[in-house]
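Report on the structure
Residue-level listing of the chains:
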Amino acid sequence: MWASFPAATSPRRIILLGPEVLGPQAFPDGDRKLAFAEGRVQLATSLPPGPSVRDGYPLLTARQAFEQLRSADKGMAKGPPTSATVFVTAIALTDYNFPTDRGTHSLPAWRMHLRDVTGDIYVLAVSPSARYELPSEAGMYDAGRAVPSADGRRLTINFIAHHDSTGPCDPGYSSSLRVAQTPTAIVLAVTIAFEPETPPPNVACPASGGSAVVPASPIPGAPGTRTITLAEPLGGRVVVDDRGTPYVVSAH
């Protein structure tokens, strides 16, 4: 799945783990929120010039960013038809934090202000040619956090090898980790084997919605972590689970 990832490129291709359009905070009414969601956005200001490259990344022009804003899927609920329009009254090139597989990074972004709307909108200004799209099979969410050593030769993840049952609604399990290393990716494949246990008929257990093996915020050296030594420094390689979903590799 990740065999074609260009791990050796500089700057490293961006693997975005979230939307390319962030904001705003609040709309004055439902009509303008719906208009924004459906791309009924108009310019009420001139488009500024901008550099073609910043921090080594090729950039979108202000016009391209505006068109991206109009066409982006903003994930907002649809509503009754409306003829409202929202207006962009200011555009400027700046930097903004976006979630990536190497943590939250400050990246070039076009900041746009909408009339009567609270909070600005930030459109990632890095050209798609400098990004790497997540494979469709990988899903949209990260696989957890992997903490690298300073020299890039070790990775630490939360990994609980064995858990004893504490009651009918807390099944015991054992887990194992397999590691594969390629020139483009590090694969951390966790396998969980639950101990078969059926709750008594008079016990109603709440549904479980997550994995007990890789909880959030791993702390190097704390109980329940596992440190993997790599054959070569991590470099630009992507770290993924056995489904191809990236870990967030960051010390913070």
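Model, not experiment: these values are computed from the prediction.

Right, let's talk about the sheet that holds strand β15 (residues 248–249) for a bit. The strand order across the open sheet formed by four strands is β13-β9-β8-β15, and the pairing between neighbours is mixed. Two strands in the sheet have a free side with no partner beyond their single neighbour: β13 (225–229) and β15. Bridging between strand β8 (residues 145–148) and β15 involves two bridges; their strand directions are parallel. Across the sheet, residue Arg145 finds its bridge partner in β15, namely Val248.

What follows covers the pattern of salt bridges. Counted under the stated rule, the structure contains 11 salt bridges. Notably, a salt bridge pairs Arg12 with Asp101, separated by 2.9 Å at the nearest N-O pair. Of the two residues, Arg12 sits in the segment before β1 (21–22) while Asp101 sits in the loop between β5 (86–100) and β6 (103–114), which places them 89 residues apart along the sequence. You'll find Arg12 and Asp101 in the same group, each marked buried. Between Asp151 and Arg154 there is a salt bridge, and its shortest N-O distance comes to 3.8 Å. The exposure class assigned to Asp151 is partly exposed, which follows from its relative accessible area of 41%.

On to the side chain of Asp101, then. By relative accessible area, which is 1% here, Asp101 ends up buried. At a separation of 2.9 Å, a polar atom in the side chain of Asp101 contacts the side chain of Arg12. With residues up to four places along the chain from it excluded, the contact list for Asp101 reads Arg12, Ile15, Leu17, Val238, Pro246, Tyr247, Val248 and Val249.

Let us look at the packing of aromatic side chains. Throughout the structure, instances matching the rule amount to seven aromatic pairs. Ring centres 5.0 Å apart and planes at 90° place the aromatic pair Phe5 and Tyr132 in the edge-to-face group. Of the two residues, Phe5 is situated in the segment before β1 and Tyr132 in the loop between β7 (121–124) and β8; the sequence distance between them amounts to 127 residues. With a centroid separation of 6.1 Å and an interplanar angle of 80°, the aromatic rings of Tyr96 and Phe98 are classed as edge-to-face. By relative accessible area, which is 31% here, Tyr96 ends up partly exposed. Looking at Phe98, the relative accessible area reads 0%, which means it is buried. Put simply, the rings of Trp2, Phe5 and Tyr132 touch in pairs and so form one group of aromatic residues.

Relative to strand β11 (residues 173–181), strand β10 (residues 162–163) runs antiparallel, the two being bridged by two bridges. Note on β11: the bridge partner recorded for His162 is Ser174. Strand direction decides the pairing type here: β11 and strand β12 (residues 185–194), joined by nine bridges, are antiparallel. When the bridges of β12 are listed, Leu177 appears paired with Val190. The hairpin turn running from β11 into β12, its antiparallel successor, is three residues long.

Cut-off values and rules
Residues numbered from 1 in each chain as written. Predicted model: local features only at pLDDT ≥ 70, side-chain atom pairs only at ≥ 80, totals over all residues. Heavy atoms only, no water. Pairing = 2+ DSSP bridges. Helix = DSSP H or I, 4+ residues; strand = E, 2+ residues; numbered from the N terminus. Salt bridge = Lys/Arg side-chain N within 4 Å of Asp/Glu carboxyl O. Buried < 20%, exposed > 50% of the residue type's maximum accessible area, 1.4 Å probe, protein only. Polar contact = N/O pair within 3.5 Å; in protein donor to acceptor, adjacent residues only side chain to side chain. Contact = heavy atoms within 4.5 Å. Phe/Tyr/Trp six-rings, centres within 6.5 Å; stacked < 30°, edge-to-face > 60°.

These figures capture arrangement, not role.
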